[in-house]
Amino acid sequence: MAHFIVTGAAGFIGSHSVDCLLEAGHSVAGLDNFRTGRRENLAAALTHPQFELIEADVAAPGAVAGIAGRRPVDAIIHLAALVSVPESIANPALNFSLNIEATQQVAEAARIHGVRRVIFASSAAVYGNATQLPLAETAEMRPISPYGAAKLASEAILLGHAAAYGFVARCQRYFNVFGPRQDPSSPYSGVISIFQQRYQAGQPVTIFGDGTQSRDFISVRDVARANLLAAQATTSGVANICTGRSTSLQAIVTELARHFPGVPAPRYGDARSGDILHSLGSPEAAWRALGFRAEVSLETGLAELLGR
Ligand code: UD1
C-alpha cells in the first residue's frame, strides 16, 4: 500500500482519482479548499478507512508541506486549480496564485519531505491553436490564455525541481475530459456536461457553429487510471492524456439523443469566438511512458454518465 496526497480531491477529476487510488488499495490524504470542489463528490471516499479529507488551501505557504511532513508520501497528485479559461482571463492574479504559486508550494513540499513523485494536471491548453493534428508533445507550445500559460509554467517548475532534487514529475496534458460529477453550471463548462443537464431537463441543446467541430473526448475514469499509472512512473516527462480519437459535436448529440427519445432537436447559434475547430491528441507518449491507453469508449462513457 502506498500513501498519496491528492490536491483538489473534491473536484471532478480529483474525486475520481481518489476513488481509483482507494480501489487500488492505497491510502489517500485529500486536500480541498472547496472553492469549486464539492463534498458530495467524495461521498464514497469519506466512508473509506484509508481516506482522510483535509480542508486546506494549496497556494497557502507551507500548507502542503505540513501535510507531507506527517508521514512518508509516495506521490503528490496535484489537481487543485482554477479550471476555467474565461475566469483566468477575467482574473489573471487569481490564476497566478491558484495555478502557479500552488504548484511552487507542491514542488517545495516534495523537495523538503523527499516525496518520490509529483503528478500534475496539465492541459491541452498549453499548445494553443494547433497547426498539425494529432498533437504530439513535441508540438510547439503557444498558450493563448493565462490558464494555458500557467499550466505550461507549472510544468517547467515541476520538471526543473524534479531534475534538481531527484524526484519524478509527470505532467499529464488532459484533453476534453467528461463524465459524472463535472459541474455543468457555467456556459464554459464541458460541453457534454451541459448537454446532459439540458437533455435531462427535457430542454434542447445549443450547438455553437455547425456541429462539425471535433474534440478528443476522454472519460474521467480513464483519466483517473492514467493518474494512478503516473503515480508509479520511474521517469519524469510530459504526456497527452487523450484517446487519439476525434468525435464531432454532431456525433455527441446523436449519441446522447439516443438516450432521450422525444427530446427537442438541437438549436444552432453562432460559433463561439476563440473556439478552435478541431482538437486531437496523440496518445503514443502516454503509452510508452506510462503504459496508458484509454479504454472507455465514448458510447460506454456517455452511458455511464447517464447512469445507464
Ligand atoms: C477545452 C477546455 C479548455 C481548454 C481548451 C483547449 C473543457 C471544459 N475546456 O475547451 O479548458 O482551454 O479545451 O485545450 O475541457 N459548445 C456548444 N454548445 C454548448 C457548449 C459548448 O456547441 O452549450 C461547443 C463549443 O463551442 C466547442 C465545443 O462545444 O466548440 C467544446 O466546448 P468545451 O467543452 O467548452 O471545450 P473546448 O472549447 O474544447
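Heads up: these notes are all about the structure in this document. This structure is a prediction, so every number in the text was calculated from the model and none was measured. (Residues numbered from 1 in each chain as written. Predicted model: local features only at pLDDT ≥ 70, side-chain atom pairs only at ≥ 80, totals over all residues. Heavy atoms only, no water.)

## Some thoughts on the packing of helix α6 (residues 191–200) against helix α8 (residues 249–258)
Any two packed helices are characterised by how steeply their axes cross, that is the angle between the axes, and by the distance between the axes.
Okay, so step 1: The geometry of α6 relative to α8 is characterised by a closest axis approach of 11 Å and an angle of 35° between their N-to-C directions. You can see that α6 and α8 cross each other, and the crossing is right-handed. Contacts between α6 and α8 involve Val191, Ile192, Phe195, Gln196 and Tyr199 from the former and Leu249, Ile252, Val253, Leu256 and Ala257 from the latter.
Okay, so step 2: Across the contact of α6 with α8, the residue classes tally to 9 nonpolar, 1 polar and no charged. (Axes fitted to C-alpha atoms, helices over the stretch in contact; angles between N-to-C directions. Helix = DSSP H or I, 4+ residues; strand = E, 2+ residues; numbered from the N terminus. Left-handed = near helix turned anticlockwise from the far one by under 90°. Contact = heavy atoms within 4.5 Å. Nonpolar A, V, L, I, M, F, W, Y, C, P; charged D, E, K, R; others polar.)

## Topic: the packing of aromatic side chains
Okay, so step 1: Enumeration according to the criterion identifies 1 aromatic pair in this entry.
Okay, so step 2: For Arg293, the ring lying beneath its charged end belongs to Trp287, and the centroid distance is 4.1 Å. (Phe/Tyr/Trp six-rings, centres within 6.5 Å; stacked < 30°, edge-to-face > 60°. Lys NZ or Arg CZ within 6 Å of the ring centre and 35° of its normal.)

## Some remarks on the site of the ligand
Okay, so step 1: Taken together, 17 residues form the shell around the ligand, and within it Val191, Thr206, Phe208, Arg215 and Asp275 come nearest.
Okay, so step 2: In this structure, Asn176 approaches the ligand through a side-chain N or O atom, which is 3.0 Å from an oxygen atom.
Okay, so step 3: For the ligand, an oxygen atom lies 2.5 Å from a polar atom in the side chain of Arg215.
Okay, so step 4: Calculation on the ligand without its partners gives an accessible area of 740 Å², and the protein chains cover 83% of this total.
Okay, so step 5: Elements represented by at least two residues in the shell around the ligand include exactly α6 and β8 (206–208).
Okay, so step 6: Looking at the shell around the ligand residue by residue, the class counts come to 9 nonpolar, 5 polar and 3 charged. (Near = heavy atom within 4 Å. Polar contact = N/O pair within 3.5 Å; in protein donor to acceptor, adjacent residues only side chain to side chain. Areas by Shrake-Rupley, 256 points an atom, 1.4 Å probe, with all protein chains shown as cover.)

## With respect to the sheet that holds strand β11 (residues 237–241)
Okay, so step 1: If you trace the 7 strands from one edge of the open sheet to the other, you get β3-β2-β1-β4-β5-β6-β11, paired in parallel fashion. What marks the edges here is a single partner per strand, and that holds for β3 (51–55) and β11. The sheet shows a mean angle of 20° between the axes of neighbouring strands, taken without regard to direction.
Okay, so step 2: Sheet topology places strand β4 (residues 75–78) next to strand β5 (residues 117–123); 4 bridges connect them, and they run parallel. Each bridged residue has a counterpart across the sheet, and for Ala75 the counterpart in β5 is Arg117.
Okay, so step 3: The sheet strands contacting helix α1 (residues 12–23) are β1 (3–7), β2 (27–32), β3, β4 and β6 (168–174), and the helix crosses β1 at an angle near 170°.
Okay, so step 4: Along the sheet, helix α5 (residues 146–165) contacts β5, β6 and β11; its crossing angle with β5, the most-contacted strand, is approximately 160°. (Pairing = 2+ DSSP bridges.)

## Concerning unusual backbone geometry
Okay, so step 1: For the bond from Leu133 to Pro134, the omega torsion is -5°, close enough to zero to count as cis.
Okay, so step 2: Inspection of the secondary structure puts Pro134 in the loop between β5 and α5.
Okay, so step 3: Phi at Phe34 is positive, roughly 60°, even though this residue is not glycine.
Okay, so step 4: The topology assignment puts Phe34 in the loop between β2 and β3.
Okay, so step 5: Notably, Arg181 is not glycine yet its phi reads approximately 80°, a positive angle.

## Here we look at the state of the cysteines
What makes a disulfide is a covalent bond joining the sulfur atoms belonging to two cysteines.
Okay, so step 1: Counted according to the given criterion, the structure contains 0 disulfides.
Okay, so step 2: There is no disulfide at Cys20, and the cysteine sulfur nearest it, in Cys242, is 18 Å away.
Okay, so step 3: Given a relative accessible area of 16%, Cys20 falls into the buried group.
Okay, so step 4: Summary of cysteine pairing: Cys242 is not part of a disulfide, and the nearest cysteine sulfur, belonging to Cys171, is at 15 Å. (Disulfide = S-S within 2.5 Å. Buried < 20%, exposed > 50% of the residue type's maximum accessible area, 1.4 Å probe, protein only.)

## Some points on the packing of helix α4 (residues 92–113) against α5
Okay, so step 1: Put simply, α4 and α5 touch, their axes get as near as 9 Å, and they point 10° apart. For the element pair α4 / α5, the angle class is roughly parallel. Between α4, through Asn95, Asn99, Ile100, Thr103, Gln104, Ala107 and Arg111, and α5, the contact on the second element is made entirely by Pro146, Tyr147, Ala150, Ala153, Ser154, Ile157, Leu158, His161 and Tyr165.
Okay, so step 2: Within the contact of α4 with α5, the residues separate by chemical class into 9 nonpolar, 6 polar and 1 charged. (Parallel < 35°, antiparallel > 145°, perpendicular 65-115°, else oblique.)

## Some remarks on the nonpolar core
The nonpolar side chains of soluble globular proteins are, as a tendency, buried together.
Okay, so step 1: Core analysis: the largest hydrophobic core is formed by 39 residues, its most contacted members being Val6, Ile13, Val18, Tyr174, Val177, Ile241 and Phe292.
Okay, so step 2: For this core, the secondary structure elements donating two or more residues are β1, α1, β4, β5, α7 (220–230), β11 and α9 (284–290).
Okay, so step 3: Setting aside its immediate chain neighbours within four residues, Val6 contacts Gly14, Val18, Leu21, Val28, Ala29, Gly30, Leu31, Ile77 and Leu79.
Okay, so step 4: Counting 30 residues, the second-largest nonpolar core is a separate cluster that includes Val73, Ala102, Val118 and Ala150. (Core = buried A, V, L, I, M, F, W, Y, C linked by side-chain atoms within 4.5 Å.)

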